[in-house]
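Each chain, written out:
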Amino acid sequence: MSYHSIIRAIKNEIRENFSLSLPLIASQLVFASSGFIGTAFVAKLGDDALAASVLVSMIWMSLSVLFFGMLNSISVLVSHQYGANNPKGISAIMGQAFIMGMIVIVVMILLLCTMPLFLHFTSQAPAVLTLALQYMHALLWLVPGLIVLIICEQFLAGINRPKMVLRISLLVVPIEIPLIYLLIFGKLGLPACGVAGVGYGFAITYSSTAIILSLYLLKSKHFTSFAIFKQINFINSHLLKELARVGLPMGFMHVIEVSTFAVATIWIGQFGTTVLAAHQIAFQYLSFSITFVFAMSQAVTVRVGHAVGRQDLAEIKRAIYVGIGLNFICVLIVALAFNLFPHLFLRLDLNIDDPANASLINNASMLLGISGVLILFDNFRIISYGALRGLKDTKFPMYAAFISFWIIGLSSAFLFAFIFKWQAKGIWWGLTLGIAMGAIIVFARIQYLLGRVDLARVLSKG
């Protein structure tokens, strides 16, 4: 391939990557804003309601990262068949995706129904537990609509229609936020549901959106060739197992990541409320920044999946390296901002001119700077995970996450924090070391696979 052809191919990959990732980034940010505003509404109900919201949110996150991670396998398999120009293959996959979704719905509802038994083992006051049970009951109604919506959005991402995912979120959130407000406080004749109003508001909007989107995908001429509901009435054990084989390790990987930061938060709590507050502030900005990385990772997954369908190894390499490079530029800007202008971010949470906040500001600035270093390594790790997903290699990332987070990350965090007496910054540096090692491990795995991968075998599995 000539120099000009290579440059042209790279420019095209950059354009395709942005066309996928930017709508996905915007969609995730829009949905994240609704959760943030919902929490702000609940805070107005008092400390008991806010405590109940936090308690249920922790349980919900533990369940959702497992099952939602599992559903990410849909876009992987769909992207392969889309790249291979095989709409019948997509139809077969989507039939099993909806069957898997039904199983997930039943399991999630059953697990949520058992959660009240565990809530009573917490040290929360009876008033908080009562509100938490009401909120959890409301979330039961949320599950079916949300799962169907995720399945449809995974399909749209897989066939290179991310802008439609963004349009959905832009339509839903302006309705969702006022509805949550009305249900929490009982306005316009609606019942005052308190903290449970958040769950009922989400349930109504997600369920309505799922129904409307499903009907649109069923009737629209743009999607009739995929016939995504045609094969929902029978079980294809091979495809169902393949969806689970690819998806379950992704779900467990997310559980490993979430649990690591949960342990880190518990450890940091031992250093006092000021340090814990600083940790929470730094973590909120890290989580917000990671949203961009995960969206671009999904874009790389889809781009690699399309190239697998076309059996084009050169295109796979371009998708991976261009994705890593583009995202590195983005997170480098974020990392520099965290280190050079921490007060710019802290002004959103604190009065930085108040002398009473001096210790909190110093600790938060320090941890924010470390998070900037962490996200640079996390870029390579998460984008590499996205590339491996596109190649259907999901077990290795799960093992790599176990090694880098639980073994290296937490061990280093404990050593730095409690043995070397670095306290909170030791925990953050320990996690950063674990993530850096994870980035090296998965990037080495990519290099190994690119020299040996059998693309025909990868495609035939789906």
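Residues numbered from 1 in each chain as written. Predicted model: local features only at pLDDT ≥ 70, side-chain atom pairs only at ≥ 80, totals over all residues. Heavy atoms only, no water.

Section: the layout of surface pockets
Our working definition: A 1.4 Å probe that fits into a set of points on a 1 Å grid over the protein atoms alone but cannot get out defines a cavity; an open set with protein on both sides within 12 Å along at least five of seven lines defines a pocket, and lining residues are those with an atom within 4 Å of a point. Grid points are joined across faces, edges and corners, and a volume is the space filled by probe spheres set on the points. A run of H or I in DSSP becomes a helix once it reaches four residues, and a run of E becomes a strand once it reaches two; helices and strands are each numbered from the N terminus. Throughout this entry, Asp, Glu, Lys and Arg are counted as charged residues, while Ala, Val, Leu, Ile, Met, Phe, Trp, Tyr, Cys and Pro are counted as nonpolar. The remaining residues, Gly among them, count as polar.
In this model, the second largest pocket occupies a volume close to 390 Å³. Lining the second largest pocket are 18 residues, and of these Arg 167, Ile 168, Leu 171, Thr 209 and Ile 212 lie nearest its centre. Secondary structure elements with two or more residues in the lining of the second largest pocket: helix H7 (162-185) and helix H8 (196-219). If you tally residues by element for the lining of the second largest pocket, the top one is H7, at eight residues. Of the residues in the lining of the second largest pocket, the class split is eleven nonpolar, four polar and three charged.

Thoughts on the packing of aromatic side chains
Quick reminder of the rule: Here the aromatic set is Phe, Tyr and Trp, taking the six-membered ring for Trp, and pairing holds for ring centres within 6.5 Å; pairs whose planes are under 30 degrees apart are stacked, those over 60 apart are edge-to-face, and all others are tilted.
Counted according to the given criterion, the structure contains 19 aromatic pairs. Between the aromatic rings of Trp 60 and Phe 68, the centroid separation amounts to 6.2 Å while the plane-to-plane angle is 75°, which identifies the pairing as edge-to-face. Cluster of aromatic residues (ring-pair linked, three or more members): Phe 155, Tyr 216, Phe 223 and Phe 226.

Regarding the pattern of salt bridges
Heads up, the condition is: Any carboxyl oxygen of Asp or Glu within 4 Å of a side-chain nitrogen of Lys or Arg constitutes a salt bridge here. Relative accessibility decides the category of a residue: with a 1.4 Å probe and only protein chains considered, values under 20% of the type maximum give buried, values over 50% give exposed, and everything between is partly exposed.
Scanning the entire structure with this criterion turns up eight salt bridges. In this structure, Lys 392 and Glu 242 form a salt bridge, with 3.3 Å as the shortest nitrogen-oxygen distance. One end of the pair, Lys 392, is in the loop between helix H13 (358-390) and helix H14 (395-419); the other, Glu 242, is in helix H9 (residues 237-268), and 150 residues separate them in sequence. In this structure, Lys 392 and Glu 242 share a single accessibility class: buried. Arg 303 is the partner of Glu 315 in a salt bridge, and the nearest nitrogen-oxygen pair spans 3.4 Å. Linking Glu 315 in helix H11 (residues 313-340) with Arg 303 in helix H10 (residues 273-309), this pair joins segments that are twelve residues apart in sequence. Since its relative accessible area comes to 8%, Glu 315 is described here as buried. Look at Arg 303 and you get buried, because its relative accessible area is 6%.

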